[in-house]
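Here is how the chains run, residue by residue.
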Amino acid sequence: MKVLSLLALFLLASCIKDDLSPEGALKDFVESRIGKVVEREFVLERTTGKMFQSFENMSDEDFQKFADMRNIKTESFKVLSKSCQEKKCFLTYSIAYLTKENDKTTFTSEVKKIAELVQVENKWLIADVSNIKTYHESLEPINPLE
């Protein structure tokens, strides 16, 4: 009976999202967007400060371009380094992904970024993200006239 109870507790704990940590909040934000279209409310609930203001003030057309990631498939997500103070963390991370058009992979990409996360009411929110390096490889010839 103890083994069954312990197993049930373990399964329950593994199903709970780890957004109580800065890494968990960032990973949840990134992975929840890939392959989908998200609503503005989804983004605003997970951001603060400068980033929140930029999404709040963004036109509907620009936000739709940002929010539509249906043609993206994640290859990997890695947190490379972490520097935290009491209620602020800077995470350096990389994302590798594929861009698809008509079910055919057209680009492979790897992006390295730094995210600033701030703890607000026991929840980690993204305050800012800056790019360090971006690498795109085209798997198809690029037509500049399109």
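As shown above, the structure is provided for reference.
Since this is a predicted model, take the numbers as computed values, not measurements.

A separate point is unusual backbone geometry. Although it is not a glycine, Asp103 sits at a positive phi angle of roughly 60 degrees. With a phi angle near 60 degrees, Asn122 is a residue other than glycine that sits in the positive phi range. With respect to the element layout, Asn122 can be found in the loop between strand S3 (104–120) and strand S4 (123–138).

Centre-to-centre distance and the angle between the planes together describe a pair of aromatic rings. The final tally for this structure, using the stated rule, is five aromatic pairs. On the numbers, 5.9 Å between centres and 45 degrees between planes, the contact of Phe63 with Phe66 is tilted. Of this pair, Phe63 and Phe66 are both found in helix H5 (residues 60–67), three residues apart, which corresponds to roughly one turn of the helix. Relative accessible area serves as the criterion here: at 24%, Phe66 is assigned to the partly exposed category. Through a chain of ring-to-ring contacts, three or more aromatic side chains come together here, namely Phe55, Phe63 and Phe66. The ring of Phe66 has Arg33 sitting right over it, with the charged end atom 3.9 Å from the ring centre.

Remember that side chains alternate between the two faces of the sheet whenever the strand is regular. Pairing between S3 and S4: 14 bridges, direction antiparallel. Among the inter-strand pairings, Phe107 is bridged to a residue of S4, identified as Ser138. Hairpin geometry of S3 and S4 is characterised by an intervening segment of two residues between the two adjacent antiparallel strands and by a positive phi of about 50 degrees at Glu121.

So, about the state of the cysteines. Going through the model one piece at a time under the given rule, you end up with one disulfide. The partner cysteine of Cys84 in its disulfide is Cys89, sulfur to sulfur 1.8 Å. The sign of the 110 degrees torsion about the S-S bond sets the Cys84-Cys89 disulfide as right-handed.

Turning our eyes to something else, we now look at the pairing of S3. In the sheet, strand S2 (residues 88–101) pairs with S3 via 14 bridges, with the strands oriented antiparallel. Paired with Lys100 across the two strands is Thr105, which belongs to S3. Linking two consecutive strands that pair antiparallel, namely S2 and S3, is a turn of two residues; a positive phi of about 55 degrees is found at Asn102 within it.

The subject of this paragraph is helix H2 (residues 22–33). Its 12 residues give H2 an end-to-end C-alpha distance of 17 Å, which sits within 8% of 16 Å, the value for a rise of 1.5 Å per residue. Judged by how many residues are buried, H2 sits mostly within the fold: nine of 12 residues are covered. Within the span of H2, buried status applies to Pro22, Gly24, Ala25, Leu26, Asp28, Phe29, Val30, Ser32 and Arg33.

Its volume calculated, the largest pocket comes out at about 380 Å³. Those elements giving two or more residues to the lining of the largest pocket turn out to be H2, S2, S3 and S4. Residue composition of the lining of the largest pocket, grouped by class: 14 nonpolar, two polar and two charged. In this structure, the second largest pocket is lined by Glu101, Thr106, Phe107, Ser138, Glu140, Pro141, Ile142, Asn143 and Glu146.

Reading guide: rules and limits
- Residues numbered from 1 in each chain as written.
- Predicted model: local features only at pLDDT ≥ 70, side-chain atom pairs only at ≥ 80, totals over all residues.
- Heavy atoms only, no water.
- Helix = DSSP H or I, 4+ residues; strand = E, 2+ residues; numbered from the N terminus.
- Phe/Tyr/Trp six-rings, centres within 6.5 Å; stacked < 30°, edge-to-face > 60°.
- Buried < 20%, exposed > 50% of the residue type's maximum accessible area, 1.4 Å probe, protein only.
- Lys NZ or Arg CZ within 6 Å of the ring centre and 35° of its normal.
- Pairing = 2+ DSSP bridges.
- Disulfide = S-S within 2.5 Å.
- Expected span 1.5 Å × (residues − 1).
- 1 Å grid on protein atoms, 1.4 Å probe; cavity = no way out; pocket = protein on both sides within 12 Å on 5 of 7 lines; lining within 4 Å.
- Points joined across faces, edges and corners; volume = space filled by probe spheres on them.
- Nonpolar A, V, L, I, M, F, W, Y, C, P; charged D, E, K, R; others polar.

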